[in-house]
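# Per-entry structural report
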Amino acid sequence: MTDSYRADFQILEGDALIYFDNACQTLRPKQVLSAMNEYYEQYPACGGRSMHRLAARVSQQVDQARARIARFIDARDKKEIVFTRNTTEGINLVAHSLGLRAGDVVITSDKEHNSNLIPWQVLQQKLGIKHVIVATDQDGLLDLEAYQHALTQGVALVSMGYVSNLDGVAQPVERIIQLAHAAGAKVLLDGAQAVPHHKLSVTQLDVDFLAFSGHKMLGPSGIGVLYGKSQLLAELEPFLVGGDTVAFSTYTSHEFLAAPEKFEAGLQDYAGIIGLGAAVAYLEQVGFDAIVARELELNQFLTKELTTIKGLHLIGPQDPSLRSGIISFYVDGKDHHKIALMLDEVAGICVRSGQHCVHSWFHDRRLAGSVRASVYFYNTLAEAEVFVTQLRKVLSVL
Amino acid sequence: MFCLLAFIVLGVISVFNAAYRDLAKEAYDCVFRRITLRPCNTGFKEKMQAKLVGKMLSKSVWAARILNKNFELFSWILFLSTILSIFWAGKGLYNFYMYGSCNGLNQTGFCALDPTGENNKISAAGASCGGGSGDESVVTLEGVDLSLFPTKQIGAADTVVMIGCFACEYTRKAYPLVKQLLAEHEANFVFAHYPVKEGMMDLLDMEYCAEQQNPDLYWQLIDRLLTMDVAALTDVAQIDGVLTELGYDVAALRACEADPQTTVGVTARRIELEKTNIYGTPLIFINEKGLVGPKPYRVYERML
């Protein structure tokens, strides 16, 4: 099983730490760190600009990473992979480059991460676009009827979280995309919580844009990806402009390069890109079957145990198979931050507490926040047992 | 209340350890918001409470539960304790600066700034040199006839009275400071030998007669007696040598010592000194304020 991979994560040596905050960011295996170190130690140069041997090696490695990532999400062409800083930047790139105008409708769900909420609020204020929020039901799934109704308003873009960082619920994106395309809308998926956890094919989904982050999939922080269909990327205006985005310039004019270069302004995070390439290679080696199986095993155990705790409420569906590796909960009368802090203090258990950048959802339901435990393939059943034991202990005190 | 307590404690700690400065700033922010009648929304208290209760939980579930349930009460108790501690620490610092003792004038209790009690050590009256005990609050010059004692009268407004024993190490420690004080400030000076060390009774008659014989040379004599080797004080030959060196007529002194009137004079001085309620040396009065034991120079200077 996946236990053998724990040895690749130095921080997991010994029993001092139980890392259950993988939805925020995952740990990095030594292979990723080695790949990044190798860049800094052996060929720390600029890719694409200089002609010397080091620069050539950088360009080659970046190109390989791009190609590997394209294969990983089943993109048709590596040129459909644009490197960004993270998912947020990918979403902002689309938001500001798509050429939205006053009156254009953008649809999101009611439990989007701030990264997929604020950009549309800002465009609503600045450009006068219309931001329509479609509700989700008790199980966290999009109300498809309401969605279909919203699509009749002349929608330009549907921007939707694939898997929610709040409750781990995956939206029926195939159907969402079909309906959107039928209505003439484009679809941007926030894949931050989806890409690291299960096999995804942008070609099969026929999604127009997909944004995701490296730090949630074993990669370095500060590197992310925006996938876009070639034709659409060609139509988009660059979001950031400057060095490496143009083929030629005069004092008064310029000629942009083709995608993806026209979107990758300035010196790139080469180490990050190479590290992300190594992370993808590592994930391919582990395999999504094993990842999904381990996450399900842990989530089933945690759900079974936690639902026996009096006053504890799970956010999202009770069925763990619908919640990926996320268990988000709150306990009547207990402060979520205190629970998280005490778990850390007592047993070195790292979980997230608060509103998980989904303030709007909590605000709407008048909930203060929740504790979120999120597991990944390197977590074990023994860790989950410790978590449950310590949680009970903490709750008995609070 | 916890924020205020934390701010005080962390503020002090962060002076010495930068690692606590961020926490101190957080606590300050919380206190500031409270003072300005706004809710403390920094989560600082919750964070610290969780950490403290969490630490306790590792030791005892029962104790952690008590701490968590009564956190505000414990905060109040600690806050009041802290305020009292700060008050007493401040008072101790003030006393140490003013009197050389954290506990106040002539108080001999433990003082962290003078852990060995050097500023209050005395040679006890009626015993060999060592720590004496008595009531510091009752030492006084009231009713004491200072005219019986050798006086360097310069017509100054201030008067320093030093009662010491030539062989007492604490008198000897204070003497240079008194000398410095007299050199730097105008003050009348009265000296009285009060023997507390073995063999020092023998010098009573001698110093009495020396003052009678030559009052001017007397001040040089006591300077020599308070600075020479202690062992030499009981050696008659060496004492005679000093007297001769200073220009005293040793034979006349011997005759004076044998005179019954000397005993009367010495006894009269002794009676006057007992009125001060002396219980050890040095006892120094500066403008009638009594200081028992050798104090830092600043204490003497402040009293002028």
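Residues numbered from 1 in each chain as written. Chains lettered and ligands numbered in written order. Predicted model: local features only at pLDDT ≥ 70, side-chain atom pairs only at ≥ 80, totals over all residues. Heavy atoms only, no water.

### Focus on the sheet that holds strand 14 (residues 352-354) of chain A
Residue and element names in this part refer to chain A.
- One open sheet accounts for 4 strands, arranged 11-12-15-14; its pairing is antiparallel. On the outer flanks of this sheet lie strand 11 (312-314) and strand 14, each paired with one strand and no other. Each strand axis lies, on average, 25° off the axis of its neighbour in the sheet, ignoring direction.
- In this sheet, strand 12 (residues 326-331) lies alongside strand 11 in antiparallel orientation, the contact comprising 3 bridges. Counterpart to L314 in the pairing with strand 12 is F329.
- Contacting strand 11 and strand 12, helix 10 (residues 288-306) runs over the sheet at an angle of about 15° to strand 12.
- Of the strands in this sheet, strand 12, strand 14 and strand 15 (370-374) are in contact with helix 11 (residues 336-347), which crosses strand 14 at around 160°. (Pairing = 2+ DSSP bridges. Helix = DSSP H or I, 4+ residues; strand = E, 2+ residues; numbered from the N terminus. Axes fitted to C-alpha atoms, helices over the stretch in contact; angles between N-to-C directions. Contact = heavy atoms within 4.5 Å.)

### Digging into the nonpolar core
- Ranked by internal contacts, the top residues of the largest apolar core, which has 72 residues, are I73, I107, Y147, V158, L189, L210 and F377 of chain A.
- Examining the composition of this core, we find that 11 residues originate from one element, helix 9 (residues 270-286) of chain A, more than from any other.
- Residues in contact with I107 of chain A, not counting those within four places in the same chain, are V132, V134, Y147, A150, L151, V155, L157, V158 and S159 of chain A.
- Judged by nonpolar contacts, the second largest core, of 65 residues, contains L181, M206, C209 and Y248 of chain B. (Core = buried A, V, L, I, M, F, W, Y, C linked by side-chain atoms within 4.5 Å. Buried < 20%, exposed > 50% of the residue type's maximum accessible area, 1.4 Å probe, protein only.)

### Topic: helix 5 (residues 71-99) of chain B
Residue and element names in this part refer to chain B.
- Here helix 5 spans 40 Å end to end across 29 residues, near enough to the 42 Å set by a 1.5 Å rise per residue.
- In the core, the buried residues of helix 5 are packed alongside helix 1 (2-16), helix 3 (44-59), helix 4 (61-69) and helix 12 (297-302).
- With its phi angle positive at about 80°, G100 sits one or two positions after the end of helix 5. (Expected span 1.5 Å × (residues − 1).)

### Considerations on the domain arrangement of chain B
All names here are of chain B.
- Taken domain by domain, chain B consists of domain 1 (2-99) and domain 2 (119-302).
- Each of domain 1 and domain 2 has a C-alpha centre, and the two are 53 Å apart.
- Between domain 1 and domain 2, the contact holds 4 residues from the first and 5 residues from the second.
- Summing both sides of the interface, domain 1 and domain 2 together bury roughly 550 Å²; the carbon and sulfur share of this comes to 52%. (Domains from an automatic or database assignment. Buried area = accessible area lost by both parts, 1.4 Å probe.)

### Digging into the side chain of K216 of chain A
Residue and element names in this part refer to chain A.
- You can see K216 is positioned in the loop between strand 7 (209-213) and strand 8 (224-228).
- Here K216 is buried and forms no salt bridge, its nearest opposite-charge partner D190 lying at an N-O distance of 8.0 Å.
- At a separation of 3.0 Å, a polar atom in the side chain of K216 contacts the main-chain carbonyl oxygen of C24.
- If we skip the residues at most four places from it in the chain, K216 touches A23, C24, Q25, T26, A192, Q193 and P196. (Lys, Arg positive; Asp, Glu negative; His and termini not counted. Salt bridge = Lys/Arg side-chain N within 4 Å of Asp/Glu carboxyl O. Polar contact = N/O pair within 3.5 Å; in protein donor to acceptor, adjacent residues only side chain to side chain.)

### Brief notes about the pattern of salt bridges
- Counting across every chain of the model gives 28 salt bridges over all chains.
- Measuring nitrogen to oxygen at the nearest pair gives 3.8 Å for the salt bridge that ties D21 of chain A to R372 of chain A. One end of the pair, D21 of chain A, is in the loop between strand 1 (18-19) and helix 1 (30-42); the other, R372 of chain A, is in strand 15, and 351 residues separate them in sequence.
- Between K47 of chain B and E26 of chain B there is a salt bridge; the shortest N-O distance is 2.9 Å. Note that K47 of chain B is positioned in helix 3 and E26 of chain B in helix 2 (residues 21-35), a separation of 21 residues in sequence.

### A look at the domain arrangement of chain A
Residues and elements named next belong to chain A.
- Taken domain by domain, chain A consists of domain 1 (2-22 + 287-397) and domain 2 (43-285).
- The straight-line distance from the C-alpha centre of domain 1 to that of domain 2 is 28 Å.
- Counting from both sides, the interface comprises 29 residues of domain 1 and, opposite them, 29 residues of domain 2.
- When domain 1 packs against domain 2, close to 2,300 Å² is buried across both sides, 56% of that on carbon and sulfur atoms.
- Linking domain 1 with domain 2 are 1 salt bridge, by the criterion used here.
- Between D110 and R365 there is a salt bridge, with the nearest N and O atoms lying 3.4 Å from each other.
- Remark: the boundary between domain 1 and domain 2 carries 12 residue pairs in polar contact (both at pLDDT 80 or more).
- When residues of the side of domain 1 that touches domain 2 are traced back to their parent elements, those giving at least two are helix 10, strand 12 and helix 12 (359-365).

### Quick notes on the pairing of strand 5 (residues 155-161) of chain A
All names here are of chain A.
- Within strand 5, 7 of the 7 residues are buried, leaving the element largely enclosed by the surrounding structure.
- Sheet topology places strand 3 (residues 105-109) next to strand 5; 3 bridges connect them, and they run parallel. The residue bridging V105 from the neighbouring strand is V155, located in strand 5.
- Here 5 bridges tie strand 5 to strand 6 (residues 186-190), and the two strands are oriented parallel to one another. For M160, the partnering residue across the bridge sits in strand 6 and is L189.

### Brief notes about the interface of chain B and chain A
- Contacts between the two partners involve 14 residues from chain B and, on the opposite side, 10 residues from chain A.
- Carbon and sulfur atoms make up 66% of the area that chain B and chain A hide from each other, which totals about 1,200 Å².
- The tally of links from chain B across to chain A stands at 2 salt bridges.
- E345 of chain A is paired through a salt bridge with K55 of chain B; the nearest N and O atoms lie 2.8 Å apart.
- The interface formed by chain B and chain A contains 5 residue pairs in polar contact (both at pLDDT 80 or more).
- Elements that contribute at least two residues to the side of chain B that touches chain A include exactly helix 3 and helix 4 of chain B.
- Ranked by residues supplied to the side of chain B that touches chain A, first place goes to helix 3 of chain B with 10 residues.
- Classifying every residue of the side of chain B that touches chain A by side-chain character gives 5 nonpolar, 4 polar and 5 charged. (Nonpolar A, V, L, I, M, F, W, Y, C, P; charged D, E, K, R; others polar.)

### Brief notes about the sheet that holds strand 7 of chain A
All names here are of chain A.
- Across the sheet, 7 strands lie side by side as 2-8-7-6-5-3-4; this open sheet has mixed pairing. Lying at the two open borders of the sheet, with one neighbouring strand each, are strand 2 (81-84) and strand 4 (130-134). Direction aside, the axes of adjacent strands within the sheet are offset by 20° on average.
- In this structure, strand 6 lies alongside strand 7, joined through 3 bridges in parallel fashion.

### A look at the side chain of N165 of chain A
Residues and elements named next belong to chain A.
- By the secondary structure assignment, N165 is in the loop between strand 5 and helix 6 (173-182).
- Of note is the side chain of N165, whose polar atom sits 2.8 Å from the backbone oxygen of H356.
- Those residues in contact with N165, other than ones at most four positions away along the chain, are H113, Q193, I326, H356, V358 and R372.

### Concerning a nonpolar patch on the surface
Residues and elements named next belong to chain B.
- A grouping of W62, I66, L73, F74 and I77 is seen on the molecular surface, where their side chains present a nonpolar patch of about 510 Å² in accessible area.
- Where the nonpolar patch is concerned, the elements lending two or more residues are helix 4 and helix 5.
- For the nonpolar patch, the element with the highest residue contribution is helix 5, accounting for 3 residues.
- Counting through the fold element by element, F74 comes out in helix 5. (Patch = residues over 30% accessible without salt bridge, like charges linked within 9 Å, V, L, I, M, F, W, Y side chains within 5 Å. Areas by Shrake-Rupley, 256 points an atom, 1.4 Å probe, with all protein chains shown as cover.)

### Thoughts on the confidence of the model for chain B
All names here are of chain B.
- A residue-level look at chain B finds 95% of positions with pLDDT of 70 or above and a mean pLDDT of 87.
- Confidence, read as mean pLDDT per element, is least for strand 1 (residues 123-124) in chain B (66) and greatest for strand 3 (residues 159-164) (95).
- Across residues 128-132 the pLDDT falls below 50, and counting only partners more than four positions away or on other chains, this stretch makes 14 contacts in the model. (pLDDT = per-residue confidence, 0-100.)

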